[in-house]
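Chain residues, written in single-letter form:
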Amino acid sequence: MICIDIGGTAIKSGIMDENMNFLRTDVMDTPRGGAGIMDAVLERISEYLSTAANPEAVCVSSAGIIDSDRGVVAEANENLIPGYTGMNISEKVRERFEIPCYVENDVNCAAMAEAYQGVGRGHSSMLMLTVGTGIGGAFLERGKLLKGHTYSACEVGYMHMDGSSFEELAATSVLVKRTAKRLSKSCLEISGKWIFEQAQSGNKVCIEEIDRMCDILAKGIANLCYVLNPEIVVIGGGISAQENYLRPRIEKGLDRYLIPEVRRKTKLGFAKFGNHAGMLGACCAAGILEKYRMKDQ
């Protein structure tokens, strides 16, 4: 399979075999605008087709609200990716290369990867939150994604909380902005990783800001648990690497915001897959890997 993961800052791509082994991976900066993105993706696919032996499909993970039935970007953030809304990725790939193309939302893909072979494996239902520049969400029950009437189910970052939105209160980008302001630094001088390093060294401001973020994350997770009742909640995005520091703080918040019966039966996990989650999940969402697995049984 040829795998593509289209993000706001980078496009990851690779060739993967039926055993989920990547035979090749590449990354490039995301061009400005939808047309530039599509040109870059088609060029990369053409390059791969010259080396790959009859790939079964092109599987695409993409930012934005994705109409996965048609392979179309139903809506994208014009500030981040102008001219991307309405892009029919699947059609353009099929017309150019005469090969099937499947497209799914990037958070849905990351969730599929975790449910298929990560920390969500073996659980009947899973809520995944990716925490980064914003906050994305995805929910699966018995391996099936909840997509909603217009493919926008679990756009949890927009959820109204405490006079703002979930992602405007608890995203990593907000952690950086708040910490930078309190330390009289520029956001360009620090990063989420730096803040966690400073917190572990005893920096009071960094500790307070992380604690604040964790409490809001726990409140948002609790609200979602009351609606969706997942068996496990998985935290993804860059902060998932900080599991040892984050887990006790988020667990403490869940103890506070969830009633005992729900709290006892709701697990918390941290994403296993990093940069390849979107590409692997795109193949899972397309059903390609499941088909191979059934062949082996």
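Everything here concerns the structure above.
Residues numbered from 1 in each chain as written. Predicted model: local features only at pLDDT ≥ 70, side-chain atom pairs only at ≥ 80, totals over all residues. Heavy atoms only, no water.

## Focus: the side chain of E209
Looking at the secondary structure, you find E209 in helix 7 (residues 204-228). Apart from the residues within four sequence positions on either side, E209 is in contact with L175, R178, T179 and R182. (Helix = DSSP H or I, 4+ residues; strand = E, 2+ residues; numbered from the N terminus. Contact = heavy atoms within 4.5 Å.)

## So, the pattern of salt bridges
This model, assessed by the stated rule, comprises 19 salt bridges. With a shortest N-O distance of 3.2 Å, E47 and R44 are connected by a salt bridge. Linking E47 with R44, this pair stays in helix 1 (residues 34-49), spanning 3 residues, or about one helical turn. Of the charged contacts in the structure, one is a salt bridge between R256 and D215, with a shortest N-O distance of 3.2 Å. One end of the pair, R256, is in helix 8 (residues 243-257); the other, D215, is in helix 7, with 41 residues separating them in the sequence. Given a relative accessible area of 25%, D215 falls into the partly exposed group. Three or more residues are tied together by salt bridges with common partners; here these are E243, R247, E251, D255 and R263. (Salt bridge = Lys/Arg side-chain N within 4 Å of Asp/Glu carboxyl O. Buried < 20%, exposed > 50% of the residue type's maximum accessible area, 1.4 Å probe, protein only.)

## Things to note about helix 8
In a regular helix each residue adds 1.5 Å, so 15 residues correspond to 21 Å; helix 8 covers 20 Å between its end C-alpha atoms and thus fits that length. Three or more residues of helix 8 are buried, namely Y245, L246, I250, E251, G253, L254 and Y257. Elements that come into contact with the buried residues of helix 8 comprise helix 6 (192-200), helix 7, helix 9 (260-264) and strand 14 (267-270). (Expected span 1.5 Å × (residues − 1).)

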